[in-house]
Amino acid sequence: MSSALLKIHNITMQFGGVTAIDSLSFSVKEGEIYGLIGPNGAGKTTIFNIITGNYQPTEGNVNFENEIITGTKPNIVVQKGIARTFQNIRLFKSMSVLDNILIGFHNQTHYTYLEAIFRLPRYFGHEKRIRAEAMAILDEFNLTKYANHKATDLSYGNQRKVEIARAVATKPSLLLLDEPAAGMNPIETADLSNIIHKIKRDFNLTILLIEHDMKFVNHMCDLVTVLDYGEKIFEGKPADAIVDEKVITAYLGDFTHA
Amino acid sequence: MKSLIIKVLLIAASLWLIWFLHNNLSSYRLSMIINIGIFAILALSYNLINGVAGQFSLEPNGFVAIGAYMTAIFIIPMDTKLDMYALTDPAPIILQMQANFPIALLAGGLASAFIAFMLSVPVFRVRGDYLAIVTLGFGFIIRIFAMNSPSYTNGAMGLNDIPDFADFRWVGSIVIITFMVMIHIIYSKYGRAMKALRDDEDAAIAMGVNTFKIKTFAFMTSAFFEGIGGGLLASFLTTITPDQFTFLLTFYLLIIIVLGGLGSMTGTLVAAIVIGFGLEELRFLDSEMVIFGFETDAHPGMRMVIFSVLLIITMLFARRGLFGDKELSEFFKRKQS
Amino acid sequence: MDFSTFLQQLVNGISLGSMYALIAIGYTMVYGTLRLINFAHGDIMMVGAFLVYLAVSVGLPFPIAVVVGILGSVAVGVLTDKVAYKPLRDAPKISLLITAIGISFFLENLFNVLFGGVPKAFPAPEYLTTSFKLGEIIIPIMVVIIPVITVLILGGVLYVLYKTKYGMAIRALAFDIPTVKLMGVNADYIITIVFSLGSALAAVGGIFYAISYPSIDPLMGIIVGLKAFAAAVLGGIGSVTGAVLGGFILGFTEIFVVALFPELGGYKDAFAFFFLILVLLFRPTGIMGEDLDRGRF
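Treat the numbers as computed from the prediction; the structure is a model and nothing was measured. (Residues numbered from 1 in each chain as written. Chains lettered and ligands numbered in written order. Predicted model: local features only at pLDDT ≥ 70, side-chain atom pairs only at ≥ 80, totals over all residues. Heavy atoms only, no water.)

### Structural notes on the domain arrangement of chain A
Reports often express the size of an interface as the amount of accessible area lost when the parts come together.
Residue and element names in this part refer to chain A.
Okay, so step 1: Domain annotation of chain A identifies domain 1 (1-81 + 171-258) and domain 2 (91-169).
Okay, so step 2: A separation of 27 Å is found between the C-alpha centroids of domain 1 and domain 2.
Okay, so step 3: Contacts between the two partners involve 20 residues from domain 1, matched on the other side by 15 residues from domain 2.
Okay, so step 4: When the two sides are added together, the surface that domain 1 and domain 2 hide from each other amounts to roughly 1,500 Å², 61% of it contributed by carbon and sulfur.
Okay, so step 5: Looking only at domain 1, the three residues that lose the most surface to domain 2 are Lys171, Ile195 and Phe203, adding up to 33% of its buried area.
Okay, so step 6: On the surface where domain 1 and domain 2 come into contact, there are two salt bridges.
Okay, so step 7: Of the charged contacts in the structure, one is a salt bridge between Lys171 and Glu133, with a shortest N-O distance of 2.8 Å.
Okay, so step 8: Counting residues per element, the ones that place at least two in the side of domain 1 that touches domain 2 are β7 (174-178) and α7 (186-202).
Okay, so step 9: The element that contributes the greatest number of residues to the side of domain 1 that touches domain 2 is α7, accounting for seven residues. (Domains from an automatic or database assignment. Contact = heavy atoms within 4.5 Å. Buried area = accessible area lost by both parts, 1.4 Å probe. Salt bridge = Lys/Arg side-chain N within 4 Å of Asp/Glu carboxyl O. Helix = DSSP H or I, 4+ residues; strand = E, 2+ residues; numbered from the N terminus.)

### Regarding the interface of chain B and chain C
Okay, so step 1: In this complex, chain B contributes 46 residues to the contact, which on the side of chain C involves 46 residues.
Okay, so step 2: With both chains or domains summed, chain B and chain C bury close to 4,000 Å², and 80% of this area falls on carbon and sulfur atoms.
Okay, so step 3: Its largest share of buried area at the contact with chain C, chain B owes to Asp129, Tyr130 and Ile133 of chain B, together 16% of the area lost on that side.
Okay, so step 4: For the pair chain B and chain C, the number of links is one salt bridge.
Okay, so step 5: With a shortest N-O distance of 3.2 Å, Lys93 of chain C and Asp129 of chain B are connected by a salt bridge.

### Overview of the interface of chain A and chain B
Okay, so step 1: Counting residues at the interface gives 32 residues for chain A and 35 residues for chain B.
Okay, so step 2: Taken together, chain A and chain B are joined by three salt bridges.
Okay, so step 3: One salt bridge connects Arg90 of chain A with Asp202 of chain B, and the closest N-O pair in it is separated by 3.0 Å.
Okay, so step 4: Seen at the junction of chain A and chain B, the total is 18 residue pairs in polar contact (both at pLDDT 80 or more).
Okay, so step 5: Of all elements in the fold, only α2 (74-80), α3 (97-104), α4 (113-117), α5 (121-140) and α6 (156-168) of chain A reach the threshold of two or more residues within the side of chain A that touches chain B. (Polar contact = N/O pair within 3.5 Å; in protein donor to acceptor, adjacent residues only side chain to side chain.)

### Points about the side chain of Arg192 of chain B
Okay, so step 1: Note that Arg192 of chain B resides in helix α10 (residues 189-199).
Okay, so step 2: Ignoring any residue separated from it by four or fewer positions in sequence, one finds Arg192 of chain B in contact with Met95, Asp99, Leu102, Ile103, Tyr111, Glu127, Ile130 and Arg131 of chain A together with Ile186 of chain B.

### Section: the nonpolar core
Okay, so step 1: Ranked by internal contacts, the top residues of the largest apolar core, which has 222 residues, are Phe56 and Leu159 of chain B together with Phe39 of chain C.
Okay, so step 2: Counting residues per element, this core draws most heavily on helix α9 (residues 187-212) of chain C, at 15 residues.
Okay, so step 3: In this view, Phe56 of chain B contacts Asn50, Leu131, Ala132 and Leu254 of chain B together with Phe39, Ile94, Leu97, Ile98 and Ile101 of chain C; residues no more than four positions away in its chain are not counted.
Okay, so step 4: If you look at the next biggest cluster of nonpolar residues, it comprises 47 residues, including Ile37, Ala167, Leu177 and Leu209 of chain A. (Core = buried A, V, L, I, M, F, W, Y, C linked by side-chain atoms within 4.5 Å. Buried < 20%, exposed > 50% of the residue type's maximum accessible area, 1.4 Å probe, protein only.)

### Here's the deal with the sheet that holds strand β5 (residues 67-68) of chain A
Adjacent strands of a sheet pair through backbone hydrogen bonds, lying either parallel or antiparallel.
Residues and elements named next belong to chain A.
Okay, so step 1: As summarised here, the arrangement of the four strands in space is β2-β1-β4-β5, forming an open sheet in which the pairing is antiparallel. Where the open sheet ends on each side, the last strands, each with one partner, are β2 (18-29) and β5.
Okay, so step 2: Examined bridge by bridge, strand β4 (residues 59-64) and β5 share two bridges and lie antiparallel to one another. Directly across from Asn63, in β5, lies its bridge partner Ile68.
Okay, so step 3: Contacts from helix α1 (residues 44-51) reach β1 (4-15), β2 and β4 within the one sheet, and its direction differs from that of β1 by about 115 degrees. (Pairing = 2+ DSSP bridges. Axes fitted to C-alpha atoms, helices over the stretch in contact; angles between N-to-C directions.)

### Quick word on the sheet that holds β7 of chain A
Residue and element names in this part refer to chain A.
Okay, so step 1: Taken in spatial order, the six strands of this open sheet run β6-β7-β8-β3-β9-β10, and their pairing is mixed. Each edge of the open sheet carries a strand with a single partner, namely β6 (82-84) and β10 (231-236). When the angles between neighbouring strand axes are averaged without regard to direction, this sheet yields 15 degrees.
Okay, so step 2: Of the strand pairs in this sheet, strand β3 (residues 33-37) and strand β9 (residues 223-228) are connected by four bridges, and their pairing is parallel. Looking across to β9, one finds that Ile37 is bridged to Val226.
Okay, so step 3: Packed onto the sheet, α6 meets β6 and β7 and runs at close to 155 degrees relative to β7.
Okay, so step 4: The sheet strands contacting α7 are β3, β7 and β8 (206-211), and the helix crosses β3 at an angle near 135 degrees.

Written as structure tokens, this is what we have:
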């Protein structure tokens, strides 16, 4: 494996005196599928929001492709090559599946506002290109036949796939998946993990994912970090995590609370 | 290619219709459809920021006023200006501003767009619904400035003897241009980004969309065409005063875009025609009435009570209006897939 | 400006600021709980003043008329929420805002139809319109009464917000409606309290305004409402103490700028707007406000 693509360095995040993340460090190497796991409220999504620039950490920094990106605006972070999905699916509700994917191509479509208004040649050239590319991505996800359907008319599992496809359309090198298998049945989950492996290979992706489901993580991830109350309690192979005493306690604690 | 041919044919047919109506209608009917045409221009552009981009704004009356004053000052002949400014002498720059009608319209549109840009910086940098309240306030401020700068606007007396260039050929053609521009924006990366930020701003940002820029584009485009519409209005009415550009104007436009469907330009055109005629036909509501043998007093404002109830009911029970956020053509497309 | 004029303007500023503060509280509380700019709030103030006018003209004594005005405004405010806003809680934000504009326009035109657009003299009793002399300056009695009542009301509102379980629920609602619901709080009940409180304060503000000016018309709520909203943003939208502070700052600015630079008098109504723009440019959370949109993910 090559060098680290993403380095989380000593991140601390406080919300009005409450510490959500406590000096957390880990790094993700190029080509890995890395899991961030832990019980509810452990601070996993907060880490995502720090990486994507939605939150400014109280301390520490995020290093991506050997550049510190902390403090970069979220839309610029995407252009640098980090794309994300959301825990609760957030598709563009009024738009078709194809249009949802086309939004992912926003920054790869190079015609100006005036070129669009006057319908100059670059408009047609770029629209034709991104439509073809978008259809190719839909094909990768077996969603071609839904291209003109309204995104929210699709099944839950397919909506998840559209959301991932939309993120892939931004041509990221790092893909952040926030609980991709949440709410899916075992068949959908199996289908999803095949697709994730496939797109990782076809689009040359590195993947950082948040997950609850230890079985899914065990099957998907090369390495995991386990968080509990904002602190790292384990880092290593998923198979070792399952038998780690601290991890078990954290999870059991979660179960008894729930 | 097929769609290009259809487009050219539609434009040619519309232009023919405009010239036909211009030559054959009575002057009463013509002024009615000119009025509706101007409303259509304003509503189409208003729907871009409100419906397509989903940013609730209450600006049209302010930008219409800017466009109207700008255009009027450019097209009123210098001698007329010297006589007209009653309270103080006109400022030297006012006398220098002279241009033909299209340039004057363009100047009105550009002035509005420029002010929209200035407002974008404070308003779109922050989250929340400040656009609505800032634009509402802006409508009042413009009036205050028009009242208090007699050397530019002739104060409360307003401007009159504005040359009457805005016939139906001008208005009709600009309706077509506005409609085409809006449709071209909607079916481009910019229109998609506007709809995306309307549906879910955080998700749009997560796709790399610079939402500040997209909102500013939408707002400036709306303001530009509202300025142009204002210029047409000034030339059509030949007299303007600060009191013409009240919130009432914005309210009519709001009803049009809500009924037509927020985000639907074809819906807006249909609603502009319906409301345009409706306002004329319902004029009787404001005058004395005989109900069950009792004569009521004149009720100025009765139409507005009915229109505001109509707006509220539409929002509560038929939020999508006539066309939702779809264009007419999309209803046919959807059937095929 | 000599000292007695200064004092004169000071009391005027306190009085005007109090009115803005009373109305701004309603804006800030509704925005805090529902994230809604309640465009109809300024019109509630107009409704309050007109109901007092109506009650006096049918022969009720003024103090009773004031009670009628306040209760009537509360009824209109709560009804507005129940009929027009509540069905749209889960709808896109823009639907709610459009409905609010619709309600505002409806109230203005309804009162226009019912009472006519010509300003009406407000039937304030003589004991509220007299003035007294303090040294060289003449002070209208209302200029003293308004701040005193405002302070009393404010104390009451702050007590409710910070010392009662209703207040706790209101403040919790400002952060997260679904979670508060999960915790067993009846959110709709709390929202009704917010609207009642806001409308009652707006009515009091409207009555003060009507006595001070002393005429009323159906459109009186628009510009005052706009200014009060600007005051709420200045103080920090969502914060009640901020709204009060913003109201006073705006009131003082209007009075003193016009006193010092009379040539700016025509632009008096524009100050609030410039405050609003400046706040958005340099400190969008206002003086006391917190970033209400934080933690939306």
